[in-house]
Amino acid sequence: MAEQLVGTVTHGNVKADIYSLDLPGEFKVIYRDSTGAPIEETPLTGISTYKQREPEIFERLRQLSEGARPRATPDRGDAGEY
């Protein structure tokens, strides 16, 4: 599966790298700590651009930067419109 980095957003000492995947409407967000180590990976599906879900990404960044525990199972969230 080829992936392409399409955006990075940060909050505090946590950042989110957003990747576009091979399939249209498929994205992946990898949240990383201050050392760059991955702490959580979340798929985003059924959207034409990750910008549609940016508020959710920022909210999760805020939670992680304030000490929230990483999710054991990725939260696929609402598929939204395609």
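Up top is the structure.
Values in this document were obtained by computation on a predicted structure and should not be read as measured data. Residue positions are given per chain, counting from 1 as you read along its sequence in written order. Totals for whole chains, interfaces and linings use all residues, but because this is a predicted model, local features are given only for residues with pLDDT of at least 70 and pairs of side-chain atoms are given and counted only at 80 or more. Hydrogens and water molecules were not included; the side-chain quantities draw on all heavy atoms of the structure.

## Some points on the overall build of the protein
Next, step 1: Only DSSP runs of H or I reaching four residues or more are called helices, and only runs of E reaching two or more are called strands; each is numbered from the N terminus. Summing up its helical and strand segments, the protein has one helix and four strands in all.
Next, step 2: Put simply, the protein runs from its N terminus to its C terminus through helices and strands in the order β-β-β-β-α.
Next, step 3: Each residue is placed in one exposure class: buried if its accessible area under a 1.4 Å probe, protein chains only, is under 20% of its type's maximum, exposed if it is over 50%, and partly exposed if it falls in between. Looking at the protein as a whole, 35% of its 82 residues qualify as buried.
Next, step 4: Relative to all contacts within the protein whose residues are 6 or more apart in sequence, the contacts with residues 24 or more apart total 34%.
Next, step 5: Entry remark: accessible area of the protein is about 5000 Å², with carbon and sulfur atoms responsible for 49%. Every residue pair with non-hydrogen atoms within 4.5 Å of one another is taken to be in contact. Using a 1.4 Å probe, the Shrake-Rupley method yields the accessible areas, and only the shown protein chains count as cover for residues.

## Here's the deal with the packing of aromatic side chains
Next, step 1: Each Phe, Tyr or Trp ring (for Trp, its six-membered ring) is paired with any other whose centre lies within 6.5 Å, and the angle between the two planes then decides the class: stacked below 30 degrees, edge-to-face above 60, tilted in between. Applying the stated criterion across every chain yields a total of one aromatic pair.
Next, step 2: Ring geometry for Phe27 against Tyr50: centres 6.4 Å apart, planes inclined by 65 degrees, an arrangement best described as edge-to-face. Of this pair, Phe27 sits in strand β3 (residues 26-32) while Tyr50 sits in the loop between β4 (38-45) and α1 (54-65), placing them 23 residues apart in sequence. Taken individually, Phe27 and Tyr50 each receive the classification buried, so the pair is uniform in this respect.
Next, step 3: Sitting over the face of the ring of Tyr19, Lys28 holds its NZ or CZ atom 5.7 Å from the ring centroid. For a Lys NZ or an Arg CZ to count as sitting over a ring, it must be within 6 Å of the ring centre and within 35 degrees of the ring normal.

## Describing the sheet that holds β3
Next, step 1: For two strands to count as paired, DSSP must find a minimum of two bridges between them. The sheet built from four strands is open, its strands ordered β1-β2-β3-β4 with antiparallel pairing. The open sheet has two edge strands with one neighbour each: β1 (3-11) and β4. Averaged over neighbouring strand pairs, the angle between their axes works out to 20 degrees when direction is ignored.
Next, step 2: Summarising the sheet, strand β2 (residues 14-21) and β3 pair through six bridges and their orientation is antiparallel. Only the stretch in contact is used when fitting a helix axis, every axis being a line fitted to C-alpha atoms; angles between N-to-C directions are given from 0 to 180 degrees.

## Quick notes on α1
One turn of the α-helix equals 3.6 residues, which is why residues spaced by three or four share an orientation.
Next, step 1: If you check α1, its first and last C-alpha atoms are 16 Å apart, about what 12 residues at 1.5 Å a residue would give, namely 16 Å.
Next, step 2: The complete set of buried residues in α1 reads Glu54, Ile57, Arg60, Leu61 and Leu64. Taken around the axis of α1, the buried residues stretch over an arc of 125 degrees, which confines them to a single face.
Next, step 3: Contact partners of the buried residues in α1: β1, β2, β3 and β4.
Next, step 4: Just downstream of α1 lies Gly67, where phi reads positive at about 100 degrees. An expected span of 1.5 Å times one less than the residue number is assigned to each helix. Directions pointing from the helix axis toward each C-beta atom define the arc.

Note that every value here comes from positions in space, so none of it alone points to a role or purpose.
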